[in-house]
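Now for the letters of each chain:
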Amino acid sequence: QPVDEPFAFPQRMPDALATLPVLKSIPGVRTTEDGYGGMSNWAPVYPWLDVLTQYGGPHTDGGQYEALGWQDFLRQVHQDGKEVWIYNPDITGWHVEPMRFYFGFGLWHSGATGVLQWAYQNPSREGKYLQPSTFMYPPQPGHTGGPSLAYMAVSEGVGDLRYLLTLKALVDEAMVGPDLQKQMLARQAWAEVEQRLAVISHECRIRDV
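Residues numbered from 1 in each chain as written. Predicted model: local features only at pLDDT ≥ 70, side-chain atom pairs only at ≥ 80, totals over all residues. Heavy atoms only, no water.

## Considerations on the pattern of salt bridges
Then comes step 1: Taken as a whole, this structure holds eight salt bridges when the rule is applied.
Then comes step 2: Between Asp-50 and Lys-24 there is a salt bridge, with the nearest N and O atoms lying 3.0 Å from each other. Of this pair, Asp-50 sits in the loop between helix H2 (39–42) and strand E2 (51–55) while Lys-24 sits in helix H1 (residues 13–24), and the two are 26 residues apart along the sequence.
Then comes step 3: Given the relative accessible area of 31%, Lys-24 is considered partly exposed.
Then comes step 4: When the shortest N-O distance is used, the salt bridge between Arg-30 and Glu-83 registers 3.4 Å. (Salt bridge = Lys/Arg side-chain N within 4 Å of Asp/Glu carboxyl O. Helix = DSSP H or I, 4+ residues; strand = E, 2+ residues; numbered from the N terminus. Buried < 20%, exposed > 50% of the residue type's maximum accessible area, 1.4 Å probe, protein only.)

Okay, structure coming up:
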């Protein structure tokens, strides 16, 4: 990613347009940028991207979840051999609900390949913690330091996703096996999971601090 947020800061877009083709000319280099919106918004840099890092994930810039538009977007990107990652599921980085959701069940449900979240690297000054969006606090006088709530939320979300992937692998294994009773139980178990996933809401994303 040669330029940070060229869509949010249009004055940076010329640098992105100049550097992405150069990077793509290097064998083995994969490129990405972070942006938002549908195919028309991505058009300026689309030919030179391997990964579209979609700001807010399956939401419009106005913060609304649009399932049909999102699925059309994913379908086109995947047909072109590219990936979509979710960028900043929580603009603050410290609300635990969207952080856990989008690193877990929300990622699965969205159909995106991955998710990433910005965070501060310098969490303290003059012995005080400054930013709740830091993931790991260093020790300070009177404080042991350690993982923040955001870090723990991400960890819980990853755990959710691992459980889901483990279950899906077991279901797939049972479905190709010779045991018909196992096939029936696996089919029933996964049908219940799909019913629960089908009613997932993506409205937990938080745009404001």
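The discussion continues.
## A word on the nonpolar core
Then comes step 1: By size, the foremost hydrophobic cluster in this structure holds 37 residues, and its most contacted members are Trp-42, Val-45, Leu-52, Phe-73 and Met-99.
Then comes step 2: Elements supplying a minimum of two residues to this core: H1, helix H3 (67–79), strand E3 (83–87), helix H4 (96–102), helix H6 (149–175) and helix H7 (180–198).
Then comes step 3: The dominant element in this core, judged by the number of residues it contributes, is H6, at seven residues.
Then comes step 4: In contact with Leu-52, other than residues within four places in its own chain, are Glu-33, Trp-42, Tyr-46, Phe-73, Val-77, Lys-82, Glu-83, Val-84 and Trp-85. (Core = buried A, V, L, I, M, F, W, Y, C linked by side-chain atoms within 4.5 Å. Contact = heavy atoms within 4.5 Å.)

## Here's the deal with the sheet that holds E3
Then comes step 1: An order of E1-E2-E3-E4 is seen for the four strands of this open sheet, with the pairing classed as parallel. Strands with a single pairing partner mark the edges of an open sheet, and in this sheet they are strand E1 (32–35) and strand E4 (114–116). For this sheet the average axis-to-axis angle between neighbouring strands, irrespective of direction, equals 30 degrees.
Then comes step 2: Across the sheet, H3 lies against E2 and E3, angled at about 135 degrees from E3, the strand it touches most. (Pairing = 2+ DSSP bridges. Axes fitted to C-alpha atoms, helices over the stretch in contact; angles between N-to-C directions.)

## Concerning the pairing of E2
Then comes step 1: When you tally the buried positions in E2, you get four out of five residues, the bulk of the element.
Then comes step 2: As paired strands, E1 and E2 are joined by four bridges and run parallel to one another. If you follow Asp-34 over to E2, its bridge partner there is Thr-53.

## Structural notes on the side chain of Thr-53
Then comes step 1: Among the secondary structure elements, Thr-53 is positioned in strand E2.
Then comes step 2: Look past the residues within four positions of Thr-53 in its chain and what remains in contact with it is Thr-32, Glu-33, Asp-34, Gly-35, Trp-42, Trp-85, Tyr-87 and Leu-116.

## Looking at a nonpolar patch on the surface
Then comes step 1: Among the surface-exposed residues, Met-136, Tyr-151 and Met-152 lie close enough to one another that they form a single nonpolar patch of about 270 Å² accessible area.
Then comes step 2: Inspection of the secondary structure puts Met-152 in helix H6. (Patch = residues over 30% accessible without salt bridge, like charges linked within 9 Å, V, L, I, M, F, W, Y side chains within 5 Å. Areas by Shrake-Rupley, 256 points an atom, 1.4 Å probe, with all protein chains shown as cover.)

## Some thoughts on the confidence of the model for the protein
Then comes step 1: With 90% of its residues at a pLDDT of 70 or more, the protein shows a mean pLDDT of 88.
Then comes step 2: Mean pLDDT values over the elements of the protein span from 58, in strand E6 (residues 128–129), up to 97, in H1. (pLDDT = per-residue confidence, 0-100.)

## Examining the pairing of E3
Then comes step 1: Two elements, E2 and E3, share five bridges in a ladder whose sense is parallel. Its bridge partner lying in E3, Tyr-55 is registered against Tyr-87.
Then comes step 2: Pairing between E3 and E4: three bridges, direction parallel. By the bridge assignment, Trp-85 is partnered in E4 with Gly-114.

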